[in-house]
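Here are the chains, one letter per residue:
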Amino acid sequence: MLVEVVFQYRSLLGKCELGVGLAWDEIEQVTLIEAAFAPTADDRRMKGGRRFRREAVKLSAVMRGDRINDRVEIVEIGPGGLVCRHAPYVARGEYVEIVIDVDGRSFRFRAQGVWLKDDGDDYRVGLAFVGMPVCLHKVAVSRHEQDLVDRIVAAAA
C-alpha cells in the first residue's frame, strides 16, 4: 500500500537525520522508492521544482494541530508530502499531525503547511512531511461490549 511505502521512506530518512545511518539493503530501498516517485517533466518545471511525484489517492484521515482536530480527505500523497481536501485553515509553516488508519494500524505523520487554496466551504491544503513518522498497531485486548458511546453514535446516524 502507498501509505506504507511513504512511511517506510520517511522512517529511513529519519534514521539518517538522527545520525544512525542505513544498512546496504536500506540504502537500496531508499533508492528504489526515490526512483519510483521521480518527478515528471511538469513537476520539474514548477516554481520550486518538486522533488517527488505525488500519486492520486482517496484516503480518509484526521488532521490534528493547534485547535485543529478535523477529518480530511487525502487526494494526493508522495514521499515529500500530501494534499488534503475538506481541510481547516492551515497557515504556511504551521505544523500539524496527519493520522491515517489502515488495516489495524495508525500511521502518524508530522507535516508543515506549504500552500492553501479555497475549496468551497473548506480548504485544499498542501503539506510537506517533516521528521520521522510513527506507526501504532491497534489490537483488541478484549471483546467490545455496547456502551453509551455506541448508542450515541447509533442515534446520530
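Relevant structure appears above.
Every chain's residues receive numbers from 1 upward, in the order its sequence appears when written. Only residues with pLDDT of at least 70 get local features here, since the model is predicted, and only at 80 or more are side-chain atom pairs given and counted; chain-wide, interface and lining totals rely on the full set of residues. The basis for every side-chain value is the complete set of non-hydrogen atoms in the structure, without hydrogens or water.

Student: So what exactly am I meant to see when it comes to the overall build of the protein here?
Tutor: Going along the chain from the N terminus, every DSSP run of H or I of four or more residues is numbered as a helix, and every run of E of two or more is numbered as a strand. Secondary structure summary: the protein contains four helices and six strands in total. Along the first, second and third principal axes, the C-alpha atoms of the protein reach 50 × 40 × 25 Å. To sort residues, take the accessible area from a 1.4 Å probe on protein chains only and compare it with the maximum for the residue type: under 20% means buried, over 50% means exposed, and anything in between is partly exposed. Taken over 157 residues, the protein has a buried fraction of 32%. Any two residues whose heavy atoms approach within 4.5 Å are treated as being in contact. Taking contacts inside the protein between residues at least 6 apart in sequence as the whole, the part at least 24 apart equals 51%. Shrake-Rupley sampling with a 1.4 Å probe provides the accessible areas, and residues are treated as covered by the protein chains on show and by no other component. Total accessible area on the protein is roughly 9900 Å²; 53% of this is exposed by carbon and sulfur atoms. Neither His nor the chain termini are counted; the positive set is Lys and Arg, and the negative set is Asp and Glu. Note on charges: their place is set at NZ of Lys, CZ of Arg, CG of Asp or CD of Glu. The averaged location of the 24 negative side-chain charges in the protein is 3 Å from the averaged location of its 23 positive side-chain charges.

Student: Would you mind going over unusual backbone geometry with me for this structure?
Tutor: Glycine aside, residues mostly have negative phi, and peptide bonds are mostly found in the trans state. Positive phi outside glycine occurs at Arg67, with the angle close to 60 degrees. Here Arg67 shows up in the loop between strand 1 (55-65) and strand 2 (68-78).

Student: Hey, could you run me through the side chain of Glu73 in this one?
Tutor: Tracing the chain through its elements places Glu73 in strand 2. Think of a salt bridge as a Lys or Arg side-chain nitrogen and an Asp or Glu carboxyl oxygen that are within 4 Å of each other. Despite its burial, Glu73 pairs with no opposite charge; the closest candidate is Lys58, at 4.4 Å N-O. In this structure, Glu73 is in contact with Lys58, Leu59, Val83, Cys84, Arg85 and His86, ignoring residues within four places of it in sequence.

Student: I keep staring at the pattern of salt bridges and nothing clicks. Help me out?
Tutor: Opposite charge on two side chains allows them to pair when their charged atoms are near. As enumerated under the stated definition, the model contains eight salt bridges in all. Residue Lys15 is joined to Glu26 by a salt bridge in which the shortest nitrogen-to-oxygen separation is 2.8 Å. With Lys15 in helix 1 (residues 2-18) and Glu26 in helix 2 (residues 24-36), this residue pair connects regions lying 11 residues apart in the sequence. Take Lys15: its relative accessible area is 23%, and that puts it in the partly exposed class. For Glu97, the salt bridge goes to Arg64, with nearest N and O atoms at 3.8 Å. Of this pair, Glu97 sits in strand 4 (residues 95-102) while Arg64 sits in strand 1, placing them 33 residues apart in sequence.

Student: It is not clear to me how the state of the cysteines should be interpreted in this structure. Could you clarify?
Tutor: A disulfide bridge is the covalent bond that connects two cysteines by way of their sulfur atoms. Only a pair of cysteine sulfur atoms within 2.5 Å counts as a disulfide in this structure description. Within the structure shown, the criterion is met by zero disulfides. Here Cys16 stays free of any disulfide, with the sulfur of Cys135 as its closest cysteine sulfur at 20 Å. When its relative accessible area of 40% is taken as the criterion, Cys16 is described as partly exposed. As a non-bridged cysteine, Cys84 has Cys135 as the owner of its nearest cysteine sulfur, 18 Å distant.

Student: Looking at this structure, I do not really get helix 2. What am I missing?
Tutor: In an α-helix there are 3.6 residues to a turn, and that puts residues three or four apart on one side. Multiplying 1.5 Å by the residue count of a helix minus one yields the expected span of that helix. Taking 1.5 Å of rise per residue, the 13 residues of helix 2 would be expected to cover 18 Å, and the 18 Å separating its terminal C-alpha atoms lies within 8% of that figure. For helix 2, the full list of buried residues reads Glu26, Val30 and Ile33. Buried residues along helix 2 cover an arc of 70 degrees about the axis, so they all sit on one side. Turned more than 90 degrees from where helix 2 packs its buried face, Trp24, Leu32 and Ala35 sit exposed. Where the residues of helix 2 are buried, they touch helix 1. Working note: the arc is built from the helix axis to C-beta atom directions.

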